[in-house]
Amino acid sequence: MNIFLILSVLVLIAISIWQITKIFELSQAKKVNTQVADDDDNNLNGKLMFAFLIFIYGITIFSFWSYGDVLLPNSASEHGVDYDNLMWISFAIIFFVQTITQALLHYFSYKYRGEKGKKALFYADNDKLEMIWTIIPVITLAGLILYGLYTWTDIMTVEENDEALVVELYAQQFNWKARYAGEDGVLGDANVRFLQDFEGRNLVGIDATDPNGFDDVVVQELHLPVGREVIFKMRSQDVLHSAYMPHFRAQMNCVPGMITEFAFTPNKTTEEMRQDPDVTAKVKKINKIRVEKSKELVASGDMALDPYEFDFLLLCNKICGASHYNMQMKIIVETEQEFEEWMNSQQTFAEVIQ
Amino acid sequence: MSTAAAVHTEEDHGHHHKETFVTKYIFSQDHKMISKQYLITGLFMGIIGIAMSLLFRLQLAWPEQPFGIFEVLLGKWAPDGVMDPNVYLALVTIHGTIMVFFVLTAGLSGTFSNLLIPLQIGARDMASGLLNMISFWLFFLSSVIMVMSLFVEAGPAAAGWTIYPPLSALPQAQPGSGTGMTLWLVSMAIFIASSLLGSLNYIVTVINLRTKGMSMTRLPLTIWAFFVTAIIGVVSFPVLLSAALLLIMDRSFGTSFFLSDIFIQGEVLHYQGGSPVLYEHLFWFLGHPEVYIVLLPALGITSEIIATNARKPIFGYRAMVASILAIAFLSTIVWGHHMFISGMNPFLGSVFTFTTLLIAIPSAVKAFNYITTLWKGNLQLNPAMLFSIGLVSTFITGGLTGIILGDSTLDINVHDTYFVVAHFHLVMGISALYGLFAGVYHWFPKMFGRMLNKNLGYVHFWVTAVCAYGVFFPMHFIGMAGLPRRYYTNTAFPYFDDLADINVLITVFALIAGAAQIVFLYNFIHSMFYGKKTVQNPWRSNTLEWTAPIEHFHGNWEGEIPHVHRWAYDYSKLGHEEDFVPQHIPLKKGEEELQH
């Protein structure tokens, strides 16, 4: 029934457009009907071009005005500060160029709209102009490339060191696990072949013959100490996944048969992040939406939604199957002391397999 | 060389052939008929592709709500009218595949390369009519197989249009990776064969069959674009074919090119030593040039239409040709920017950042040259011209965000988010679609001997233009909020709950845009039969196709093929009464060919 309704509405729209154009044409019966734009068309569409320029500016301003608050809050990692700087510089350049070029394009379309008897200027070439708009992008891009590559090298150079915490992120359809290296700071060897050992208690396939693995700790909620470098080693047991931690400006694919790496230093605890004005505003907005939704739910006899509290998230960002949209893990950044306490309460691999 | 070929073909084809219904309308070897076949098949696929996008937009705006239309169209895949997550993924996958390959590669390039290459260079037909016919029918076959894959038991391919293994390789990983994926791969292999035959034909035709006087430097920019596009296609499509074949081997014959160390559904699989990253390299070696295979023909069409309708020469013809060549060359060495965080060596990321950002330079040159062409013109704002201006606008808006995505550092956090979706839809999806529409409005009289209704064209353009920005501009914000793409819903956990408004707004714009395409379809079909009859050169254009008679027959021109004496852009040239001087008009005494 619905499809019939939709189709008939669409057909009616089509018919009404057709009738309107008919009326439009009949009302100008004296004009020659060539279907080629005449002065009236040029005039109208030229003006619409100018209106469209205002529309583009309008939707830009509107989007920033009403959607500015959905953007990610300030980064919670050390390298994220550089990342955000580079992002804002790039955006400044983009907006500058966008504003000017769209203005020229649409203003010219309006200003030089055709008129019978007018002749265009025969202007085929100007090497100087071509040079200018080759050189300017070259210089701008050179700057962006250099800044970008400098930051990139900085972020991607992962050096093993004693200070750093080594954590394995382990992806599977459709959940995440994390493995800590334990006292020795070395992750035990692992392979999917060992997953079936110990009646499925070997959650990430640690090789039980490798002594480095005995003190490893496998968990389903990621805890990180603030201010200490974390070196992530990513693995996947089935298909491609991507470990995406947007608040830390961090992402790396998890590839079956391969160990990939990413490192960053968290510089804000979860508690500190919850106090951040951007975050509190966002949480407030989300909770308002949830209260509205709860009213509907309660009215139809369901449970109301719990109020939302901010947490860092690890999301899957590579299509991985049906529940890709819900493959996530909570990340908790806490003080070194809280982290140690939490860690001491976890079972090591040796304890799990006993 | 070109002269000899031209004389030779004149003897062969300068007369009417007796043709049966089958040789004229079905197994035709005439480029004009093949071009119409490409266009109509492409439009049909386009309807499917766009309709799919509207379905998943409904799901995104009102997640997990029952819709009657889902029940009708998706049947058992939408129990009680609620879309299944696997079907959501299948819809985005097939939408991408159909739009990129079937509509914007075959539908755009196939239509206009076939129509315009012989007509604009002054040739009787393509170098090989037979190969051309085979090329179309292979495309048709691959379209049929792709559509068929929608109806298999477990559903069509659902691993994203990039079909990364292991997801695409293992039927255990998702239902769409069974028969649906096999059909996808077979369809694409046939599609690639079709594309290669077509491209080789275009290249040979442009090199060998130009009429007397049509030197490479006098070629219209459309032909330059089609010619270079064909070269990119020949260079890169075979690599995708090899990726598809290796994937078929992995799927069906137990090899391990792309698979290693996999545990799925309680079972360790035997695959050892392969790498999904290898597949990503092979895929994007085509995948990125593919963007330009889609875009360059649209830019070529735009160059021609903007010059004709501005009644001005295209500004900086040589720079335009140089930038097409530069883009073509660079396009083959930037594929790694899709893989910054795939696990490949970060040093490679630096190299690809460098080459990728270089592409901004020729792109900027093209954009500025279009704008300068408009300056002090006498703009005839026909629907084709509006779509061309619209193309330049979306090309700039979408292209600029490429500066962010092409930068490996910034890519880390926006990779695979809706920011990417917004970027590539504007810069290649909408732009190329506008190129397609512009081409249809401009050359419809040449194809069907009738004019499209301009008022419907204006309605089509303005509604589409507003909605295109309405859909994709706010989408950047969803990406900047950190929402990954290909999520069935963003309401599974509360963090993205505040995106609901934006998603509704986007979907409303998308639905209106979809309705606007019905106006176009109506105009297209109605005008094909009842449109106003055209005059020979309705847009008062310079290029050779308008010197051919309105009536179509094999061989294009009665008698001798016109010779070419000037470039294609002598609009509003001083010393001429009319504001256009077609290419076949000899230079006046003392007239310089170019007035730089």
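Residues numbered from 1 in each chain as written. Chains lettered and ligands numbered in written order. Predicted model: local features only at pLDDT ≥ 70, side-chain atom pairs only at ≥ 80, totals over all residues.

### Re the overall build of chain A
Inference 1: Scanning chain A for helices and strands turns up eight helices and ten strands.
Inference 2: In terms of overall size, chain A is more extended than a compact globule, its C-alpha atoms giving a radius of gyration of 30 Å where 354 residues would be expected to give roughly 20 Å.
Inference 3: Its C-alpha atoms put chain A at 95 × 65 × 40 Å along the principal axes.
Inference 4: Taking all 354 residues of chain A together, the buried fraction comes to 38%.
Inference 5: Once local pairs closer than 6 in sequence are excluded, the contacts in chain A between residues at least 24 apart make up 69%. (Helix = DSSP H or I, 4+ residues; strand = E, 2+ residues; numbered from the N terminus. Rg over C-alpha atoms; globule rule 2.2 N^0.38 Å. Buried ≥ 20, exposed ≤ 12 C-beta atoms within 10 Å, placed from the backbone. Contact = placed C-beta atoms within 7 Å.)

### Examining the overall build of chain B
Inference 1: The helix and strand inventory of chain B stands at 17 helices and two strands.
Inference 2: Its C-alpha atoms give chain B a radius of gyration of 24 Å, near enough to 25 Å, the size a compact globule of 596 residues would have.
Inference 3: Summarising its shape, the C-alpha atoms of chain B cover approximately 80 × 50 × 45 Å along the three principal directions.
Inference 4: Each of the 596 residues in chain B was classed as buried or not, and the buried ones make up 65%.
Inference 5: Once local pairs closer than 6 in sequence are excluded, the contacts in chain B between residues at least 24 apart make up 80%.

### What to know about the packing of helix 3 (residues 31-61) of chain B against helix 17 (residues 500-530) of chain B
Residues and elements named next belong to chain B.
Inference 1: Between helix 3 and helix 17, the least distance of the axes is 9 Å, while the angle of their chain directions is 155°. Accordingly, the angle class assigned to the pair helix 3 and helix 17 is roughly antiparallel. Here helix 3 runs over helix 17; the crossing is left-handed. On the side of helix 3, the interface is formed by Ile-50, Ser-53, Leu-54, Arg-57, Leu-58, Leu-60 and Ala-61, while helix 17 contributes Asn-503, Val-504, Ile-506, Thr-507, Ala-510, Leu-511, Gly-514 and Gln-517.
Inference 2: Residue composition of the contact of helix 3 with helix 17, grouped by class: nine nonpolar, five polar and one charged. (Axes fitted to C-alpha atoms, helices over the stretch in contact; angles between N-to-C directions. Parallel < 35°, antiparallel > 145°, perpendicular 65-115°, else oblique. Left-handed = near helix turned anticlockwise from the far one by under 90°. Nonpolar A, V, L, I, M, F, W, Y, C, P; charged D, E, K, R; others polar.)

### Some points on unusual backbone geometry
Inference 1: For the bond from Gln173(A) to Phe174(A), the omega torsion is -5°, close enough to zero to count as cis.
Inference 2: Inspection of the secondary structure assignment puts Phe174(A) in the loop between strand 1 (165-172) and strand 2 (175-180).
Inference 3: Cis rather than trans, the peptide bond between Pro165(B) and Pro166(B) has omega equal to 0°.
Inference 4: Examined against the element boundaries, Pro166(B) turns out to sit in the loop between helix 6 (129-148) and helix 7 (179-208).
Inference 5: The backbone phi angle of Arg249(A) is positive, close to 55°, even though this residue is not glycine.
Inference 6: Mapping Arg249(A) onto the fold places it in the loop between strand 6 (241-245) and strand 7 (250-254).
Inference 7: C-beta crowding within 10 Å serves as the criterion here: with 26 such atoms nearby, Arg249(A) is assigned to the buried category.
Inference 8: Phi at Arg540(B) takes a positive value of approximately 50°, unusual for a residue other than glycine.
Inference 9: Note that Arg540(B) resides in the segment after helix 17.

### A short note on the interface of chain A and chain B
Inference 1: Every contact between the two is made by 113 residues of chain A and, on the other side, 123 residues of chain B.
Inference 2: Secondary-structure elements contributing two or more residues to the side of chain A that touches chain B are helix 1 (2-26), helix 2 (39-67), helix 3 (78-111), helix 4 (127-156), strand 6, strand 7, helix 6 (277-299) and strand 9 (312-316) of chain A.
Inference 3: Sorting elements by how many residues they give to the side of chain A that touches chain B places helix 4 of chain A first, with 16 residues.
Inference 4: By residue class, the composition of the side of chain A that touches chain B is 66 nonpolar, 33 polar and 14 charged.

### Focus: helix 16 (residues 454-480) of chain B
Inference 1: Taking 1.5 Å of rise per residue, 27 residues should cover 39 Å, and helix 16 of chain B covers 39 Å from first to last C-alpha, within 8% of that figure.
Inference 2: Taking burial as the measure, the 27 residues of helix 16 of chain B include 21 buried ones, the bulk of the element. (Expected span 1.5 Å × (residues − 1).)

### Digging into the domain arrangement of chain A
Residue and element names in this part refer to chain A.
Inference 1: The domains assigned to chain A are domain 1 (20-65 + 73-156) and domain 2 (165-273 + 306-353).
Inference 2: Here domain 1 and domain 2 have C-alpha centroids that lie 45 Å from each other.
Inference 3: Each partner contributes residues to the interface: domain 1 has seven residues there, and domain 2 has twelve residues.
Inference 4: In the side of domain 1 that touches domain 2, the residues fall into two nonpolar, four polar and one charged. (Domains from an automatic or database assignment.)

### Some points on the environment of Gln19(A)
Residue and element names in this part refer to chain A.
Inference 1: Looking at the secondary structure, you find Gln-19 in helix 1.
Inference 2: With 10 C-beta atoms packed within 10 Å, Gln-19 lands in the exposed category.
Inference 3: Separated by 171 residues in sequence, Gln-19 and Ala-190 place their C-alpha atoms 71 Å apart.

### What to know about the environment of Gly343(B)
Inference 1: Take Gly343(B): it is sitting in the loop between helix 10 (317-331) and helix 11 (346-358).
Inference 2: In sequence terms Gly343(B) and Val420(B) are 77 residues apart; their C-alpha atoms lie 19 Å from each other.
Inference 3: Once you skip the residues sitting within four places of it in the chain, Gly343(B) turns out to touch Met252(A), Asn253(A), Val255(A), Met258(A), Thr260(A) and Val277(B).

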